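# Understanding the architecture of this molecule
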Amino acid sequence: MPTKKIVIPSILENDFTQFAARLKTIENTAPVVEIDVMDGLFVSNKSFEDVEKINSLNSPTQFQLHLMVENPVQEIQKWKDTKNISRIIFQIESQGDPQECINAIRGLCSQVGICIKPETPLSTVEPYLNLIDMVMFMLVTPGQQGGQLIPEVGEKIKEFVALKNRPLCATDGGITKENIALVKSWGVEIFGIGSKIIKSDNPAQTFQEFTKLIS
């Protein structure tokens, strides 16, 4: 599936004011920004709950939601009135029926993704590949930014990209300027990068630097 390779910065915050400040530094540079959504159950961290305030920001960017929650179908309903959501990604390891979750996302936005943890077999998502637009591979243990990349995930990614008629291949977490060439060599198309961009001194410039490294 040939596609232009892109970088998507991600924001992980438990305070809405801090989220808004982070978004402001990158929204005019990055066309898509990921919002990491956590319930404190699926992962130990918890994100902000002021979902309804996002519309007041009038941001030009599109949002990709990464749901690291126990009950994704329930969480999706909290975001149904939020503007600019182009893609929602849920964890295959979460509770509930993946088909129900896919249907719920289709009712809200145009694209569906499934994310898998580093230790989760690719076979868990194979029944749904013709129903979704993206598979995201976590390169770190989910829930915290700044984790170390787990290189063994590369073998699973290479197996996935070799499949015919597959969805997009994305990664999340652990990418640095020093290892992004390795991740690119696996066949990845969408590079999710968190703290290395959003917590840098100049997020917009850092985004551009990472984008140049994958071109």
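The coordinates are above.
Right, let's walk through the structure included here. The model shown is predicted, which means the values in this text are computed figures rather than measured ones.

All right, on to the overall build of the protein then. Within the protein one finds seven helices and eight strands. At 16 Å, the protein has a C-alpha radius of gyration in line with the 17 Å of a compact globule built from 215 residues. Along the longest, intermediate and shortest principal axes, the C-alpha atoms of the protein span 40 × 40 × 30 Å. Looking at the protein as a whole, 55% of its 215 residues are labelled buried. Restricting the contact set of the protein to residue pairs at least 6 apart, pairs at least 24 apart contribute 65%. Computing the positive centroid from 21 side-chain charges and the negative centroid from 26, the protein places the two 7 Å apart.

To continue, consider the environment of Pro 127. You can see Pro 127 is positioned in the loop between strand E5 (111-116) and strand E6 (134-138). Under the relative-accessibility criterion, Pro 127 is labelled exposed at 52%. Spatially, the C-alpha atom of Pro 127 lies 34 Å from that of Ile 54, the residues being 73 residues apart in sequence.

Attention now goes to empty space enclosed by the protein. In total, this model carries one cavity of 30 Å³ or more according to the counting rule given. When its volume is computed, the largest cavity comes out at roughly 40 Å³. Taken together, Pro 72, Phe 90, Gln 91, Ile 92, Ser 94, Gln 95, Gly 96, Asp 97, Pro 98 and Cys 101 form the lining of the largest cavity.

The next point concerns the side chain of Glu 13. Its place among the elements puts Glu 13 in the loop between strand E1 (6-11) and helix H1 (16-24). At 3.0 Å, the side chain of Glu 13 forms a polar contact with the side chain of Arg 22. Those residues in contact with Glu 13, other than ones at most four positions away along the chain, are Gln 18, Phe 19, Arg 22, Lys 46, Ser 47 and Phe 48.

With that settled, consider the packing of aromatic side chains. Given two aromatic rings, their pairing is described by the distance between the two centres and the angle made by the two planes. Within the structure shown, the criterion is met by four aromatic pairs. Look at Phe 16 and Phe 19: their rings are 6.0 Å apart centre to centre, the planes differ by 35°, and that puts the pair in the tilted class. Here Phe 16 and its partner Phe 19 are both found in helix H1, three residues apart, which amounts to about one turn of the helix. Phe 19 carries the same exposure label as Phe 16, and that label is buried. A centroid spacing of 5.6 Å and a plane angle of 70° characterise the contact between Phe 16 and Phe 48, whose relative ring orientation is edge-to-face. Of the two residues, Phe 16 is situated in helix H1 and Phe 48 in the loop between strand E2 (32-38) and strand E3 (62-68); the sequence distance between them amounts to 32 residues. Grouping aromatic residues by their ring pairs yields a cluster made of Phe 16, Phe 19 and Phe 48. One residue, Lys 117, lies across the ring of Phe 42, its end atom 4.6 Å from the ring centre. The ring of Phe 210 carries the charged tip of Lys 177 above its face, separated from the ring centre by 6.0 Å.

Considering all chains together, one arrives at ten salt bridges under this definition. In this structure, Glu 27 and Lys 24 form a salt bridge, with 3.1 Å as the shortest nitrogen-oxygen distance. Residue Glu 27 is classed as buried on the basis of its relative accessible area of 8%. Put simply, Arg 106 and Asp 133 hold a salt bridge, and the shortest N to O gap is 3.0 Å. Taken together, the positions of Arg 106 in helix H3 (residues 98-106) and Asp 133 in the loop between E5 and E6 put the pair 27 residues apart, joining distant regions of the chain. In this structure Asp 133 comes out as partly exposed when scored by relative accessible area, which is 23%.

What follows concerns the pairing of strand E7 (residues 168-172). The element E7 is extensively covered by neighbouring structure, given that five of its five residues are classed as buried. In E7, alternate side chains face the same way, and those of Leu 168, Ala 170 and Asp 172 on one face and Cys 169 and Thr 171 on the other are all buried. By the bridge criterion, five bridges tie E6 to E7 in an arrangement that is parallel. Among the inter-strand pairings, Val 135 is bridged to a residue of E7, identified as Cys 169. Examined bridge by bridge, E7 and strand E8 (residues 190-193) share three bridges and lie parallel to one another. Note on E8: the bridge partner recorded for Thr 171 is Phe 191.

What counts, and where the lines are drawn
Residues numbered from 1 in each chain as written. Predicted model: local features only at pLDDT ≥ 70, side-chain atom pairs only at ≥ 80, totals over all residues. Heavy atoms only, no water. Helix = DSSP H or I, 4+ residues; strand = E, 2+ residues; numbered from the N terminus. Rg over C-alpha atoms; globule rule 2.2 N^0.38 Å. Buried < 20%, exposed > 50% of the residue type's maximum accessible area, 1.4 Å probe, protein only. Contact = heavy atoms within 4.5 Å. Lys, Arg positive; Asp, Glu negative; His and termini not counted. Charge placed at Lys NZ, Arg CZ, Asp CG, Glu CD. 1 Å grid on protein atoms, 1.4 Å probe; cavity = no way out; pocket = protein on both sides within 12 Å on 5 of 7 lines; lining within 4 Å. Points joined across faces, edges and corners; volume = space filled by probe spheres on them. Polar contact = N/O pair within 3.5 Å; in protein donor to acceptor, adjacent residues only side chain to side chain. Phe/Tyr/Trp six-rings, centres within 6.5 Å; stacked < 30°, edge-to-face > 60°. Lys NZ or Arg CZ within 6 Å of the ring centre and 35° of its normal. Salt bridge = Lys/Arg side-chain N within 4 Å of Asp/Glu carboxyl O. Pairing = 2+ DSSP bridges.

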